[in-house]
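A structural walkthrough
Residue-level listing of the chains:
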Amino acid sequence: MHLEGAPHDIGYQHGYLLANEIDTTIQAIAYFLQHETHRNWQFYRNCASSFLWNKLDREYKDEINGIAAGLQQQKKNYDSLDVTALNALEELAYYYVPKLDDQIKNGSGDNKAPGNCSAFIATGSYTKDGKIVMGHNNWTSYIIGQHWNVIADIVPEKGAHILMDCMPGFIHSGDDFMITSNGILITETTITQFKGFDTTGIPEFMRCRKAAQYANSIDDVIKIFTTGNNGGYANDWLIGDTKTNEVAKLELGLKVYRVWRSKDTAMIGSNFPSDPKLIKEETTFNVNDLTTSPNARKKRMEQLVLINLKGKLNAETGKQIEADHVDALQAKNANNRCVICGHIDEDAKGCAEWDEGPYYPMGAVQGKVTTADLAENMQFWAHMGHPCGQDFIGEKFYKAHPEYAWQAKYLNNMLAYPWTLFSAKTSSTAKKKNLN
């Protein structure tokens, strides 16, 4: 999807072109959230109205208004509150709602922060050419993850050209994987069992988009993310700057954050927090339980990225990492919560740290990899479905696990497609400059 122009124009193009996809996505999400959070879609619209909309910069209000206008032109009955609530999916459902639940019954909001994604970023002696390599696969419920299938190529009137993956209707990436014409690379993995949310802060989805659009350095990214932080979607952000060949990790809670950075390192993410102060004050995460998905994947990622593939990391080995199926606890191939290409739908233990029962239909739903050279040309590799290539077939799954048949209304099959190289289009502005 190529979008270009003023904020309202970008939004209108988005809403008009993806009207059917946005409609289907909102229907599935509203159905899913009603079951999982016991709040209907109107609750999320009310959140957008009461404490999200007035925190947005004018240009993002205009873009969201444009999406709504494009939807309405295509006879889809959605407005700006629907689009705002959609964009705030992660921070509302998994940070704000658990906070409300905790106020009703202490502890009832535990284990609700999502455990999404496996990622790495590396540079210097850790990569084959000494330049930055970044990879990421998105873990989420299949009923939601099947919709994370858009590559958005955005040329805004102001700021950097952005190429990112996203869901239909998102103005940000959301899972996240972004490269920009400013040479900035951004991805992340969530902090498991995080607790904290501030309704007076700036929505995470806007800070994320703003960082991609306006940051020209790692320092800029950090400043945008930490200014007005609301604690929503608390992540370990992996950041690269191809201009300096430096990478960094920003572990961002609500009140606590920490930064690690280097020009010769490899950094990984698999939903584990690292800073002792943040772990103690803002999570219930047990760093000593090696059987959890975050800790098991951490062990495997460290083996691959820091040892086995040190000096060999590039786009191809990055793809291999995102599709890896070795369970480091059992030292053998497996399909479960402990492998980088997660398959909780095949795990008899489920994933207690995310409050997911045995065989819950969740895991890796897609993957992306880029390098400094690819990013310079505004390109990255992406793969829809399990990066290992395995399909999820709903009919077979629901027969084996009828307790999840309620999802069949919106989750049928999640098929795996080939790794594909995506390239941003040259903007009309750039074409004019070249002609001149």
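The following refers to the structure shown. (Residues numbered from 1 in each chain as written. Predicted model: local features only at pLDDT ≥ 70, side-chain atom pairs only at ≥ 80, totals over all residues. Heavy atoms only, no water.)

**A word on the overall build of the chain**
Our working definition: Helix and strand assignments follow DSSP, with helices taken as H or I runs no shorter than four residues and strands as E runs no shorter than two, numbered in order from the N terminus. Atoms counted for the radius of gyration: C-alpha only. Globule rule: 2.2 Å times the number of residues to the power 0.38. When accessible area is computed with a 1.4 Å probe and restricted to protein chains, residues below 20% of their type maximum are described as buried, those above 50% as exposed, and intermediate ones as partly exposed. By definition in these notes, contact holds between two residues if any of their heavy atoms fall within 4.5 Å. Areas reported as accessible are Shrake-Rupley estimates using a 1.4 Å probe. Residue values count occlusion only from the protein chains shown.
Counting its secondary structure elements, the chain contains 15 helices and 18 strands. Against the 2.2 N^0.38 benchmark of 22 Å for 436 residues, the chain shows a C-alpha radius of gyration of 20 Å, consistent with a compact globule. Taking the principal axes of its C-alpha atoms as reference, the chain extends roughly 60 × 50 × 40 Å. Within the chain, buried positions represent 61% of all 436 residues. Considering only residue pairs separated by 6 or more positions, the chain has 67% of its internal contacts joining residues 24 or more positions apart. Carbon and sulfur atoms make up 48% of the accessible area of the chain, which amounts to about 16,300 Å² in all.

**Structural notes on the sheet that holds strand E18 (residues 420–423)**
The cut-off we apply is this: Two strands are counted as paired when DSSP detects at least two bridges linking them. All axes here are fitted lines through C-alpha atoms, helices being fitted over the stretch that makes contact, and every angle between N-to-C directions spans 0 to 180 degrees.
With respect to topology, six strands assemble into an open sheet ordered E11-E2-E3-E14-E15-E18, the strand pairing being antiparallel. Each end of this open sheet is capped by a strand with a single partner; those strands are strand E11 (266–269) and E18. Strand-to-strand, the axes of this sheet are offset by a mean angle of 20 degrees, without reference to chain direction. With four bridges joining them, strand E15 (residues 379–384) and E18 adopt antiparallel strand pairing. By the bridge assignment for E18, Ala 382 is matched with Thr 420. Packed on one face of the sheet, helix H11 (residues 293–308) meets strand E2 (118–122), strand E3 (133–141) and E11 and runs near 155 degrees to E11.

**Considerations on the pattern of salt bridges**
Side chains bearing opposite charge may pair, as long as their charged atoms lie close to each other. Put simply, the rule reads: The rule for a salt bridge is simple: a side-chain nitrogen of Lys or Arg has to be within 4 Å of a carboxyl oxygen of Asp or Glu.
Scanning the model with the defined rule gives 23 salt bridges in all. Between Asp 23 and Lys 76 there is a salt bridge; the shortest N-O distance is 3.6 Å. Of this pair, Asp 23 sits in helix H2 (residues 19–37) while Lys 76 sits in the loop between helix H4 (58–73) and helix H5 (80–87); the two residues are 53 residues apart in sequence, bridging distant segments of the chain. The exposure class assigned to Asp 23 is buried, which follows from its relative accessible area of 15%. A network of salt bridges, in which partner residues are shared, links Arg 45, Asp 79 and Asp 82.

**Some points on the sheet that holds strand E4 (residues 150–156)**
Strand order in the open sheet made by the eight strands is E1-E4-E5-E6-E7-E8-E9-E10, with mixed pairing throughout. Sheet topology places strand E1 (2–5) and strand E10 (257–262) at the edges, where each strand pairs with a single neighbour. Neighbouring strand axes in the sheet, compared pairwise and without regard to direction, differ in orientation by 15 degrees on average. Two strands pair when backbone bridges link them, and strand E6 (residues 177–180) and strand E7 (residues 184–190) are joined in this way by three bridges, in the antiparallel orientation. What sits directly across from Ile 179, in E7, is Leu 185.

**Focus: the nonpolar core**
We count it as follows: Take the buried residues of types Ala, Val, Leu, Ile, Met, Phe, Trp, Tyr and Cys, join any two whose side-chain atoms come within 4.5 Å, and each joined set is a nonpolar core.
Counting residues in hydrophobic clusters, the biggest one holds 92 residues, and the most contacted among them are Leu 33, Trp 41, Tyr 44 and Trp 237. Top contributing element to this core by residue count: helix H6 (residues 89–104), with eight residues. Not counting residues up to four positions away in its chain, the partners in contact with Trp 41 are Ile 26, Ile 29, Ala 30, Leu 33, Asp 82, Ala 85 and Leu 86. One finds Ala 119, Met 134, Met 267 and Ala 424 within the second-largest nonpolar core, a separate group that totals 17 residues.

**Let's talk about the side chain of Gln 366**
Where we set the bar: What qualifies as a polar contact is a pair of N or O atoms within 3.5 Å, subject to a donor-acceptor requirement within protein and to the restriction that residues adjacent in sequence count only when both atoms come from side chains.
Assignment of secondary structure puts Gln 366 in strand E14 (residues 362–371). Assessed through its relative accessible area of 2%, Gln 366 is described here as buried. Within the structure, Gln 366 has its side chain in polar contact with the backbone oxygen of Trp 148 (distance 3.2 Å). Setting aside anything within four residues of it in sequence, one finds Gln 366 in contact with His 136, Asn 137, Asn 138, Trp 148, Asp 165, Asp 175, His 383, Met 384, Gly 385 and Pro 387.

**A word on the pairing of strand E5 (residues 162–166)**
Most of E5 sits inside the fold, with five of its five residues counted as buried. Relative to E5, E4 runs antiparallel, the two being bridged by five bridges. Bridge pairing in E5 places Asp 153 opposite Leu 163. Bridge analysis of E5 against E6 gives three bridges, and the strand direction is antiparallel. Across the sheet, residue Leu 163 finds its bridge partner in E6, namely Ile 179.

**Some points on the environment of Asp 289**
One can find Asp 289 in the loop between helix H10 (276–282) and H11. Residue class for Asp 289 comes out partly exposed when judged on its relative accessible area of 26%. Along the backbone, Asp 289 and Val 83 are 206 residues apart, and their C-alpha atoms lie at a distance of 39 Å.

**Some details on the packing of aromatic side chains**
The criterion, for reference: Ring geometry is summarised as follows: Phe, Tyr and Trp rings, the Trp one being its six-membered ring, pair when their centres sit within 6.5 Å, and such pairs are stacked at plane angles under 30 degrees, edge-to-face over 60 and tilted between the two. Either the NZ atom of lysine or the CZ atom of arginine qualifies as a charge over a ring when it sits within 6 Å of the ring centre and within 35 degrees of the ring normal.
Inspection of every chain in the model, using the stated rule, returns 20 aromatic pairs. A ring pair is formed by Phe 392 and Phe 397, whose centres lie 5.1 Å apart and whose planes are at 55 degrees; its orientation type is tilted. A single burial state applies to Phe 392 and to Phe 397, both of which are buried. Within the aromatic cluster, the residues linked to one another by ring pairs are Trp 41, Phe 43, Tyr 44, Phe 51, Tyr 96 and Phe 197. Against the face of Trp 139 rests Arg 297, its NZ or CZ located 4.0 Å from the ring centre. Across the ring face of Trp 381, the terminal group of Lys 319 is positioned such that the distance to the ring centre comes to 3.4 Å.

**Describing H6**
Stated formally: Take the number of residues in a helix, subtract one, and multiply by 1.5 Å to get its expected span. Axes are fitted to the seven residues ending at a residue and to the seven starting at it; the angle between these axes is taken as the bend at that residue.
With 16 residues, H6 should reach 22 Å at 1.5 Å per residue; the first-to-last C-alpha distance of 22 Å fits that figure. Along H6, the sharpest kink reaches roughly 30 degrees, centred on Val 97 and followed within four residues by the proline Pro 98. Within H6, 13 of the 16 residues are buried, leaving the element largely enclosed by the surrounding structure.

**A word on unusual backbone geometry**
Note the cis peptide between Asp 175 and Asp 176, where omega equals 0 degrees. Relative to the assigned elements, Asp 176 resides in the loop between E5 and E6. For Asn 245, which is not a glycine, the phi torsion comes out positive at approximately 65 degrees. Residue placement: Asn 245 occurs in the loop between strand E8 (235–241) and strand E9 (246–252).

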